[in-house]
Each structure stands twice: as structure tokens, then as C-alpha cells.
Amino acid sequence: MGRYLGQKLLIYSLTFFFAVTIDWLIPRLMPGNPVDTLVSRMALRADVAAILRSYYLQAFQLDLPLWQQYLNFWGALLRGDLGVSIWLFPQPVLKLILDAVPYDLFLLLPAVILSWIAGNQVGAMAARVRWLDNSILPLGYILTATPYMWLALILAWSLGQVAGLFPIAGAYSFGIRPHLSWMFIKDLLWHWFLPFASLFLVMFGGWAIGMRNMIIYELEADYSRYLESLGAPPRLIRKYAFRNAMLPQITGLALQLGTIVAGAVATEIVFAYPGTGYLILQAVLNQDYFLLQGCFLFIITGVLIANFIIDIIYALVDPRIRTGMTGA
Amino acid sequence: MGAWYELIYFAFRNVKLRIGLTILLFFVLAAIFAPLFARYDPNAYVGPAAHPPSPEHWFGTTTFGQDVYSQFAHGLRLTLIVGLLGGSIGTLIGILIGLISGYRGGLLDEILNMITNIVLILPTLAILIIIAAYLTVRGFLVQSVFIGLTAWPWAARAIRAQTLSLRAREFVDLARMSGRSSMKIVLTEIAPSMMSYLFMVFILQFGGAILNAATLDFIGLGPTQAFSLGLMMNNAVLWAALELGMWWWLIPPGAAITAIVGALYVMNVGLDEVFNPKLREL
């Protein structure tokens, strides 16, 4: 198990190294001088442009040799210096991102975990109940094919705008300041529900279909047939099938992380929910490149950490890895 | 020839494939012909602002009085083109890397596998965000290429696994004994044996590229000059379609994407049943 996790850690370190290198390389690969491009696109007053230009020049350090620029980039990164935001000048990018993280986690963790559990349960049930299968399967396909932002828009329009049941923007009402009280928590949950529900529903469709197909496959497998011929109760066979079908679903969760992150970004934009997705939108609208690059690094880091947590869970759940019988 | 007739026979008997294909064809035809019926420039301010559907403007107008139908017709075309291009590029790279890595094995396989694993973990959207942000002028071609460049890893992995199992079969051994070059064996023996699988990979890549492009456009990092369904949703959100309850602007673009991608997924399941005799319902 140690070897297995070690191998995974190596891949993740390489991935992180690769991502940081891309982050450094891309502005320098683009045609022309990145500083001139940035400043000219912002259409500022001449004096402001000059200030910004000198700031960018200093930040990019284009006068240094390339290898030194690269090392300095890593140095700044390890010190937690991601530059200064242009949108909310002069706040540091790191602070903006750290402020957004709690909202991301508050939205994503419950949506991912609950949809995964519910999808697996319903999918497993659909594999043996005909009428459920006939309704869950088409519904599941429609849900996984739905772009996250569109479901979010539909929910916001129908339940928020037309029915007036839920607010459609922000993490809490404009009138109140964040503090610890029942009123605030209720307000927070009330604003949280629609973005959560739209993320939950899209993911749920995918997990339900995946589980249903896996269970059907497992019930056809030799060990199920063997158990059946021994006269084992169907409940027991289904339990084994469920356990075996769980493993690919855990791997699937790791593979889906990238898509989930993209979905969360889009959903936060629809609901103006103050997580990283909202930061990205503001960074795009305000040509705030350091903020954009900071969000990029933050997403990569988050996905890598989540991958590693899933690997640990997988290693704990899969007896073959637990006992060190296989490396991957 | 007999095998082909049988496949076509089962293809037309398969309900899922028929439904999926019908919906897809409908939207492909709409993408080709709908812009011809658009009476207005999608960018021009041609009517009263925020007006619901009317005989004059079939899908209503935007907050600024642009014709939603014209935007939808042109957006649908671009969305399908980007999906097709991005999906093709992703599939081709996946096939190339999967076949080479699975057939050659050894050190090359190790290296390609490592690259595949790294790109597989990297969230596509994050990379696309950073690239799109620094490109001053973005065309749909650039977008398709980058979507394809980041979407191939799972395809490569799956095709590699298939190649590995095919490589050990007798007919491939026979071909190798006959002294044919590796290149020829891969192209004439291995690739044709998994043609049906490759086709299904392409369909999933097609759907994935459409969804990726829509998300990117929605964030505001899509093509800078053209109209797409994702960009329509981006504009709708930025210009308060939600607050003003302009459902005619919010619903069509996403509904079209859902229908197209859903049709592709259902087609994929149908094709699986057609190609795999075990799954056929007789």
C-alpha cells in the first residue's frame, strides 16, 4: 500500500511541476511582449497605464535570463506570492482565493459526496427494478448531458424567479453581515440550496447510470453465476456485486474531478456565488491575469489533493491493494 | 459483405440508436439550414428590447433588442463545428498514442503512459482558461484544437488496453511472422478489429467537446468574434436575463446542447448493443 501511494505521489508531483511550468510558460509563449499586450488591452488613462506597466515589468522580470525568471517564479510561488489583483487592486491574489475557498468547499463537498452516494444507491436499485430502470435511465442520460450552467439557469429561473422560493444570487442576503447566528445560518443555507441542487442533479445522473451498468455487468460475472448455482440468496449476490461495482465508481470519481470543477465554476457564475468560479469570471471581465493564474494554480492543487484522498480511500477499500498484492 | 448487412439490420432495429440518430440529424440539419432563415444579423440591434417571442422575432429579443433566433441559428452551427473538430482531434491523438503505446510497449509505453496520466489528472478547464486568457484573438479553430489537445487521455488509455489484448491474438502473431512492418500490422490488423470501438470513442469525444466548449464560452473565454450557444448563455447571464425573467433567451441554447449531447450518449449505448451481439435484444 505504501508503494502504491508513493507511486501516485510521484505522478502528482510531476503533474504539479508540469502545471506550474505551463503557468509560467504560456504568457511568455504568446506573440509579442506579454506586458505590452496586457497593458494595451486594458484601455487605461496614460498615467495609470505607466504605473501598471512598471508593476507588470517588475512582476514578469523580463530583463532577467529565462532560467532565472523561472527560478524566481517558483520562489515567489513557494512564498505564497501569487501577485496582486488588478480587479481589486491592491489586494494580493492569494487573499482573494483564500476568501473564496470556504464557499467552494461548502458547495462542492456535499454536492459531490451526496450525489455519489445517492447515485450509487439508486443506480443499484435500478439494475433490478424494471420500472425504476425505465425511468432512471433516460433521466440519467438527460442529466449527464445537461451543461451545468444550463440546469443552474433553469432552476434559478423556475424556482427562484418564477416561483420566488429561493434567492438567485450571492451566498447570503445583501442586508446582513456574516456572523454566527441562526438567522445568518438559515440565510446561508437558503442561498446555498439552488447551486447545490443543480450540481447534485447533473452529477447524480452520471453516477446512477455508471452504477446501474456496473451492477448488471457484475451480476453476469462468473462468481455471481456460481453463487446463484450454489443457491445463495439474491440479497447476498447483490451485496457482492455492489461491492465490486464500487471500485470503478471510486476511480470514476477521480476521473470526473476535472469536469466537476468546471461545473462548479459555471454554477457559481450563474448564482454569483462568491467562490473561485466567480473570481474567474471577474478576472476574465477585468483582464486580471494574475488572479486568473492564481485560480489556475489553486484548481490544480485542489484537484491533486482530492485525487490523493481518493487514492487513499481506494487503497483502504480494495483488499488487493490493502494487502499489497498489486501495485496499481 | 454479410457482416455489414447484419450490422445495418441490427442498427435499424435498435430503438436507442434510432432515437439518438434522429435527434442528432435534426440538429445537424438545423445547423445547416436555420441560419438561412435568419432575417437579422445576430449582433445587430433590430427590434424592441427584451421582447418575448413574436411572429416578427421567433425566439424573442435580447436585452438590447438583438434577434435571439439569429443568434441561436449561428450559435448552433458553431457549437456543432467546434464539437466535431475538437472531438476528431481528441480521438485522433487518443488513437495514435493508444495504438503506439499498446503495440510497442517497453520504454516508449512507459513514457507515453506517464504523459497520459499527467494530462488525465490536469483539469482540462484550468488549462484552457490560462491559454484562452492570454490569446488576444481567439477563433473557433484555436478553441477546437486546444479542446482536442486536452481531451484525449481517457481515449488513449482505453485504446491502449484494447491494443494490448489484441496484440497477443493469433492473427496478429501470424501477421508478425509473415514479416510485415509494425506500422502495417497496426493499421491493417489491429485498428480495423476495433473500428466499432473507435467509432464509439469518437462519439463520446464529440459530446465531451461540445460540453467543454460550452463551459469555456460561458465563462467568457470562447471565440472572440463568433456566436456560439455557450456565449449566448454567457450574454444572457451578464445582461440580467435571469432577473428580467427572459426565458426565451435562457432556455433554447442549453436545451439544444442537452438534446445533442444526450442524443450522442444514447446513440453510444445503442451502438454498443449493435456491435456487441451479447447485448442485442432479440
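Q: How would you sum up the overall build of chain B? Please name residues and give values.
A: Helix and strand counts for chain B come out as 12 helices and 0 strands. Beginning at the N terminus, the succession of helices and strands in chain B can be written as α-α-α-α-α-α-α-α-α-α-α-α. When the backbone C-alpha atoms are referred to their principal axes, chain B occupies close to 75 × 50 × 25 Å. Burial analysis of chain B (282 residues in total) assigns 53% to the buried set. A fraction of 71% describes how many contacts in chain B between residues 6 or more apart in sequence connect residues 24 or more apart. Charged side chains of chain B number 16 positive and 14 negative; the gap between the two group centres comes to 8 Å.

Q: Can you lay out the packing of helix α1 (residues 2-29) of chain A against helix α5 (residues 124-134) of chain B for me, pointing to particular residues and giving the numbers?
A: As a packed pair, α1 of chain A and α5 of chain B sit with axes 9 Å apart at the nearest point and diverge in direction by 15 degrees. Taken together, α1 of chain A and α5 of chain B sit at an angle that is classed as roughly parallel. Handedness of the crossing formed by α1 of chain A with α5 of chain B: right-handed. Touching Ile-22, Asp-23, Ile-26 and Pro-27 of chain A of α1 of chain A are Ile-127, Ile-130, Ile-131 and Tyr-134 of chain B, all from α5 of chain B. A per-class count over the contact of α1 of chain A with α5 of chain B returns 7 nonpolar, no polar and 1 charged.

Q: Explain the interface of chain B and chain A residue by residue, including any values.
A: If you look at the interface, chain B gives 42 residues, while chain A gives 49 residues. The contact between chain B and chain A buries some 4,200 Å² in all, and 84% of this surface belongs to carbon and sulfur atoms. Ranking the residues of chain B by area buried against chain A places Ile-121, Tyr-134 and Leu-242 of chain B at the top, with a combined share of 18%. At the boundary of chain B and chain A, one finds 0 salt bridges. Between the two partners, chain B and chain A, sit 3 residue pairs in polar contact (both at pLDDT 80 or more).

Q: Requested: an account of the side chain of Arg-212 of chain A, with residues and values cited.
A: Residue and element names in this part refer to chain A. Structurally, the position occupied by Arg-212 is in helix α8 (residues 182-220). Among the residues examined, Arg-212 registers a relative accessible area of 15% and is labelled buried. A distance of 2.7 Å separates the side chain of Arg-212 from the side chain of Asn-213, its partner in a polar contact.

Q: Describe the confidence of the model for chain A, naming the residues involved and giving the relevant values.
A: Per-residue confidence for chain A averages 86 on the pLDDT scale, and 94% of its residues sit at or above 70. For chain A, helix α2 (residues 34-41) of chain A is the element with the lowest average pLDDT, namely 68, and helix α5 (residues 93-126) of chain A is the one with the highest, namely 93.

Q: Just give me the short version of the pattern of salt bridges, but keep the residues and values in it.
A: Overall, the coordinates contain 7 salt bridges over all chains when judged by the stated rule. For Lys-95 of chain A, the salt bridge goes to Asp-99 of chain A, with nearest N and O atoms at 3.0 Å. One end of the pair, Lys-95 of chain A, and the other, Asp-99 of chain A, are both in helix α5, 4 residues apart, so they sit about a helical turn from each other. With a shortest N-O distance of 3.1 Å, Glu-189 of chain B and Arg-180 of chain B are connected by a salt bridge. We classify Glu-189 of chain B as buried; its relative accessible area is 18%. According to the relative accessible area criterion, Arg-180 of chain B is partly exposed, its value standing at 35%.

Q: Explain the domain arrangement of chain A to me, using residue names and the numbers behind them.
A: Residues and elements named next belong to chain A. Assigned domains within chain A: domain 1 (2-78) and domain 2 (93-319). Taking only C-alpha atoms into account, the centre of domain 1 sits 32 Å from that of domain 2. Each partner contributes to the interface: domain 1 provides 19 residues, whereas domain 2 provides 15 residues. When residues of domain 1 are sorted by the area they lose upon contact with domain 2, Tyr-4, Tyr-12 and Asp-23 head the list and together hold 33% of the total. Scanning the region where domain 1 abuts domain 2 turns up 0 salt bridges. Taken together, the connections running from domain 1 to domain 2 amount to 2 residue pairs in polar contact (both at pLDDT 80 or more). It is α1 that contributes the most residues to the side of domain 1 that touches domain 2, 11 residues altogether.

Q: Any chance you could break down a positive patch on the surface for me, citing the residues and the numbers?
A: All names here are of chain A. On the surface, a cluster of positive charge is contributed by Arg-128, Arg-235, Lys-239 and Arg-243. The residue Arg-243 is located in helix α10 (residues 234-270) in this model. Judged by its relative accessible area of 54%, Arg-243 is exposed.

Q: An account of the nonpolar core is requested, with residue identities and associated values reported.
A: Ranked by internal contacts, the top residues of the largest apolar core, which has 162 residues, are Tyr-56 and Ile-280 of chain A together with Leu-76 of chain B. Looking at which domains feed residues into this core, each of domain 1 (2-78) and domain 2 (93-319) of chain A supplies at least three. With residues up to four places along the chain from it excluded, the contact list for Ile-280 of chain A reads Val-265, Leu-292, Cys-295 and Ile-299 of chain A together with Ile-129 and Ile-219 of chain B. Residues Leu-99, Val-172, Val-186 and Ala-191 of chain B belong to the second largest nonpolar core, which totals 13 residues.

Q: Before we move on, can you summarise the packing of aromatic side chains with the specific residues and values?
A: Tallied over the full model, the rule gives 19 aromatic pairs over all chains. Here Phe-16 of chain A and Trp-74 of chain A contribute two aromatic rings whose centre-to-centre distance is 6.1 Å and whose plane-to-plane angle is 70 degrees, an arrangement assigned as edge-to-face. Of this pair, Phe-16 of chain A sits in helix α1 while Trp-74 of chain A sits in helix α4 (residues 66-78), and the two are 58 residues apart along the sequence. Judged by its relative accessible area of 24%, Phe-16 of chain A falls in the partly exposed class. Take Trp-74 of chain A: its relative accessible area is 16%, and that puts it in the buried class. The interplanar angle of 65 degrees and the centroid separation of 6.4 Å between the aromatic rings of Tyr-45 of chain B and Phe-64 of chain B together place this pair among those described as edge-to-face. Of this pair, Tyr-45 of chain B sits in the loop between α2 (15-37) and α3 (68-104) while Phe-64 of chain B sits in the loop between α2 and α3, placing them 19 residues apart in sequence. Owing to a relative accessible area of 38%, Phe-64 of chain B belongs among the partly exposed residues under this scheme.

What counts and how
Residues numbered from 1 in each chain as written. Chains lettered and ligands numbered in written order. Predicted model: local features only at pLDDT ≥ 70, side-chain atom pairs only at ≥ 80, totals over all residues. Heavy atoms only, no water. Helix = DSSP H or I, 4+ residues; strand = E, 2+ residues; numbered from the N terminus. Buried < 20%, exposed > 50% of the residue type's maximum accessible area, 1.4 Å probe, protein only. Contact = heavy atoms within 4.5 Å. Lys, Arg positive; Asp, Glu negative; His and termini not counted. Charge placed at Lys NZ, Arg CZ, Asp CG, Glu CD. Axes fitted to C-alpha atoms, helices over the stretch in contact; angles between N-to-C directions. Parallel < 35°, antiparallel > 145°, perpendicular 65-115°, else oblique. Left-handed = near helix turned anticlockwise from the far one by under 90°. Nonpolar A, V, L, I, M, F, W, Y, C, P; charged D, E, K, R; others polar. Buried area = accessible area lost by both parts, 1.4 Å probe. Salt bridge = Lys/Arg side-chain N within 4 Å of Asp/Glu carboxyl O. Polar contact = N/O pair within 3.5 Å; in protein donor to acceptor, adjacent residues only side chain to side chain. pLDDT = per-residue confidence, 0-100. Domains from an automatic or database assignment. Patch = residues over 30% accessible without salt bridge, like charges linked within 9 Å, V, L, I, M, F, W, Y side chains within 5 Å. Areas by Shrake-Rupley, 256 points an atom, 1.4 Å probe, with all protein chains shown as cover. Core = buried A, V, L, I, M, F, W, Y, C linked by side-chain atoms within 4.5 Å. Phe/Tyr/Trp six-rings, centres within 6.5 Å; stacked < 30°, edge-to-face > 60°.

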